[in-house]
Amino acid sequence: MVPMIDRCDIAIVGGGLNGLTSALALARAGFDVVVVERGDPAAKLADAFDGRVSSIAYGSKLVLDALGAWDAMADHGEPILEIRVSDRDAPLFLHYDHADVGDEPLGWILENRFIRRALDATLAVTPGVRVLAPAEVFDMTRDGNGATLSMADGSSLACSLVVACDGAMSPLRGKAGISHWNHAYHQQGIVCTVRHERPHRGIAHERFLPSGPFAILPIPGNLASLVWTERDAIANRVMTLEREDILEEITWRFGDFLGDLELVGPVWNYPLRLVLADRYTDHRLALLGDAAHAIHPIAGQGFNLGIRDCAVLAEVLADGRRLGLEPGDASLLANYARWRRTDMMALVAVTDSLNRLFSNAIAPVALARDLGLAAVNTVPPLKKLFMRHAMGTVGKLPRLMRGETL
């Protein structure tokens, strides 16, 4: 039997949130797109609550809105109206209020399951995009005429460009011979959800503790998603505790400002590391999302960084299409890599530095950073600039992040 060969303009490997978002953006730009996902789509759309959430900055919301996906998820999101940043029990803190920069929230917190459902539903009615799942890439070949993905079932997919959205340990990145820097923080993120007695009023808290940040993220109802950073040894110990003992540890760190707490759903943990690809592109290959950069969750910018990748890649390729260039054109990929590298390295420097700075217990360092938080609070122009950075509205923005079409 002759193996089946399918064809498209762009093949996206990885059907996670970044993969689906990039598929929408590229299909909207007029390309024939195929998403190759190894997992079972039905399992990822299950109703079971697992407590995993993402922060969506205002700029990222504009992208999702322009792609037609925002309305399907908006009702499930909790607007972030304020952000309070504090260092241990220090009396000095930093306070962001959305009203200081306009009427729009600083961002939204959404459960990942609702984001995925909205993206899937939008993809289903978007011309020019197909999803192959479950399907696994066995090999990738590239030459001057295009790229070919060989599947585990013997079929093949030919295309002009492959977009790798296959995670921080990206197999495609390895197949392309792109090296990466992998730095372990020796910390783990413990993720869970609590129900609290008093309303959160849309306020997100970032508390810096000696072991790392403890984020309290508001979600609809009297619920908060916690991202608790802990050193490896302690995190491993926490994960062996009974639920009531885990709740006791959480309560000690959380405090009583929202009343009594109740643990809801499972408790997850995952190692924290910084993974940076040496380059974003190779011959007929573009890295996107965690395949290009996996950062510390300290500022909740991981998914937002991936959305910026999607918006930039779609714009660069759409502009190239108008000039008669194919998606795999080397000059277009160079433009994408150059644009994203600057933005990505700036955010990596911020998140890595913040984690190192606030995990330092040396008294003079602690005093200096607390004074720094308080100083930002007293300089409105500087505080507004930081808020706009958090909203994703600063820098060279692609059209989708300005609320414009491709």
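Here the structure is a predicted model, which is why all the values come from computation and not from measurement.

What counts as what
Residues numbered from 1 in each chain as written. Predicted model: local features only at pLDDT ≥ 70, side-chain atom pairs only at ≥ 80, totals over all residues. Heavy atoms only, no water. Helix = DSSP H or I, 4+ residues; strand = E, 2+ residues; numbered from the N terminus. Buried < 20%, exposed > 50% of the residue type's maximum accessible area, 1.4 Å probe, protein only. Areas by Shrake-Rupley, 256 points an atom, 1.4 Å probe, with all protein chains shown as cover. Pairing = 2+ DSSP bridges. Contact = heavy atoms within 4.5 Å. Axes fitted to C-alpha atoms, helices over the stretch in contact; angles between N-to-C directions. Polar contact = N/O pair within 3.5 Å; in protein donor to acceptor, adjacent residues only side chain to side chain. Phe/Tyr/Trp six-rings, centres within 6.5 Å; stacked < 30°, edge-to-face > 60°. Lys NZ or Arg CZ within 6 Å of the ring centre and 35° of its normal. Parallel < 35°, antiparallel > 145°, perpendicular 65-115°, else oblique. Left-handed = near helix turned anticlockwise from the far one by under 90°. Core = buried A, V, L, I, M, F, W, Y, C linked by side-chain atoms within 4.5 Å. Nonpolar A, V, L, I, M, F, W, Y, C, P; charged D, E, K, R; others polar.

Asks: How should I be thinking about the overall build of the protein in this particular structure?
Replies: Helix and strand counts for the protein stand at 12 helices and 21 strands. Going through the 406 residues of the protein one by one, you find that 53% of them count as buried. Accessible surface computed for the protein: about 17,400 Å², of which carbon and sulfur atoms make up 56%.

Asks: Help me understand the sheet that holds strand 19 (residues 281-282), please; the structure alone is not making it clear to me.
Replies: Backbone-to-backbone hydrogen bonds pair the strands of a sheet. The strands run either parallel or antiparallel. Pairing is mixed across the open sheet formed by six strands, whose spatial order is 9-3-2-13-20-19. Lying at the two open borders of the sheet, with one neighbouring strand each, are strand 9 (129-132) and strand 19. Two elements, strand 2 (residues 10-13) and strand 3 (residues 33-36), share four bridges in a ladder whose sense is parallel. Bridge pairing links V13 to V36 in strand 3. Along the sheet, helix 1 (residues 17-28) makes contact with strand 2, strand 3 and strand 9, crossing strand 2 at roughly 165°.

Asks: Would you take a moment to explain the environment of R399 for this structure?
Replies: Tracing the chain through its elements places R399 in the segment after helix 12 (380-391). Overall, R399 belongs to the buried group, its relative accessible area being 16%. Measuring from C-alpha to C-alpha, the distance between R399 and A66 comes to 9.7 Å, with 333 residues separating the pair along the chain. Here R399 is in contact with E315, D319, R322, E404, T405 and L406, once residues within four sequence places are set aside.

Asks: In this structure, what is going on with helix 3 (residues 58-66)? I would like to understand it.
Replies: It helps to recall that an α-helix has 3.6 residues per turn; residues three or four apart then point in one direction. Within helix 3, seven of the nine residues are buried, leaving the element largely enclosed by the surrounding structure. Of all the residues in helix 3, the buried ones are Y58, G59, S60, K61, L62, V63 and L64. Taken from the residues just after helix 3, G68 is the one with a positive phi, measuring 85°.

Asks: What should I look at first to understand the side chain of E37 in this one?
Replies: By the element assignment, E37 lies in the loop between strand 3 and helix 2 (41-44). Here G15 takes part through its backbone nitrogen, which lies 2.6 Å from a polar atom of the side chain of E37.

Asks: Help me understand the packing of aromatic side chains in this model?
Replies: Working definition: an aromatic ring pair is given by the centre-to-centre distance plus the angle between the planes. Taken as a whole and judged by the stated rule, the model has four aromatic pairs. On the basis of an interplanar angle of 70° and a centroid distance of 5.1 Å, the ring pair of W70 and W108 is categorised as edge-to-face. Taken together, the residues W70 in the loop between helix 3 and helix 4 (71-74) and W108 in strand 8 (residues 107-111) connect sequence positions 38 residues apart. The same class applies to W70 as to W108, namely buried. Here the aromatic rings of Y280 and Y336 are separated by 5.7 Å at their centres, their planes lie at 45°, and the arrangement is tilted. Separated by 56 residues along the polypeptide, Y280 in the loop between strand 18 (261-277) and strand 19 and Y336 in helix 10 (residues 330-358) bring together distant segments of the chain. According to the relative accessible area criterion, Y336 is buried, its value standing at 0%. The ring of W268 carries R52 above its face, with NZ or CZ at 4.3 Å from the centroid. If you follow R321 out to its NZ or CZ, it ends over the ring of F31, 5.0 Å from the centre.

Asks: In this structure, what is going on with the packing of helix 1 against helix 5 (residues 112-124)? I would like to understand it.
Replies: Angle between the axes and distance between the axes: these two values describe a pair of packed helices. Across the interface, helix 1 lies against helix 5 with an axial gap of 10 Å and an inter-helix angle of 30°. It follows from the interaxial angle that helix 1 and helix 5 lie roughly parallel. Between helix 1 and helix 5 the crossing geometry is left-handed. Residues L17, L20, T21, A23 and L24 of helix 1 touch helix 5, and the partners they reach there are N112, I115, R116, L119, D120, T122 and L123.

Asks: I would appreciate a short explanation of the nonpolar core in the present structure.
Replies: Most often, soluble globular proteins keep nonpolar side chains buried together rather than apart. Within the largest apolar cluster, 102 residues are counted, with the highest numbers of intra-cluster contacts made by I12, L26, M73, L149 and V162. Broken down by element, the residue count for this core peaks at 11 residues, all from helix 9 (residues 302-322). Beyond its immediate sequence surroundings of up to four residues, L149 is in contact with A11, V13, V137, D139, M140, S155, S156, L157 and V162.

Asks: Hey, could you run me through the packing of helix 1 against helix 9 in this one?
Replies: With their axes 9 Å apart at the nearest point, helix 1 and helix 9 run at an angle of 25° to one another. Comparing their axes, helix 9 and helix 1 come out roughly parallel. Seen along the crossing, helix 1 lies across helix 9 with a hand that is right-handed. For the pair helix 1 and helix 9, the contacting residues are L17, N18, T21, S22, A25 and L26 in the first and F303, G306, I307, C310, L313, A314 and L317 in the second. Residue composition of the contact of helix 1 with helix 9, by class: nine nonpolar, four polar and no charged.

Asks: What's the story with unusual backbone geometry in this structure? I'm lost.
Replies: Both trends apply: most residues other than glycine have a negative phi, and most peptide bonds are in trans. In the segment running from A133 into P134, the intervening peptide bond is cis, with an omega of -10°. Along the chain, P134 turns up in the loop between strand 9 and strand 10 (137-143). Of note in this structure, H186 is not a glycine but carries a positive phi near 60°.

Asks: It is not clear to me how the pairing of strand 6 (residues 82-87) should be interpreted in this structure. Could you clarify?
Replies: A regular strand carries its side chains on alternate faces of the sheet. Where burial is concerned, most of strand 6 is hidden: five out of the six residues are buried. Relative to strand 15 (residues 203-209), strand 6 runs parallel, the two sharing six bridges. Each bridged residue has a counterpart across the sheet, and for S86 the counterpart in strand 15 is R207.

Asks: I'm lost on the environment of S211 in this one. Help?
Replies: With respect to the element layout, S211 can be found in the loop between strand 15 and strand 16 (212-219). Overall, S211 belongs to the buried group, its relative accessible area being 8%.

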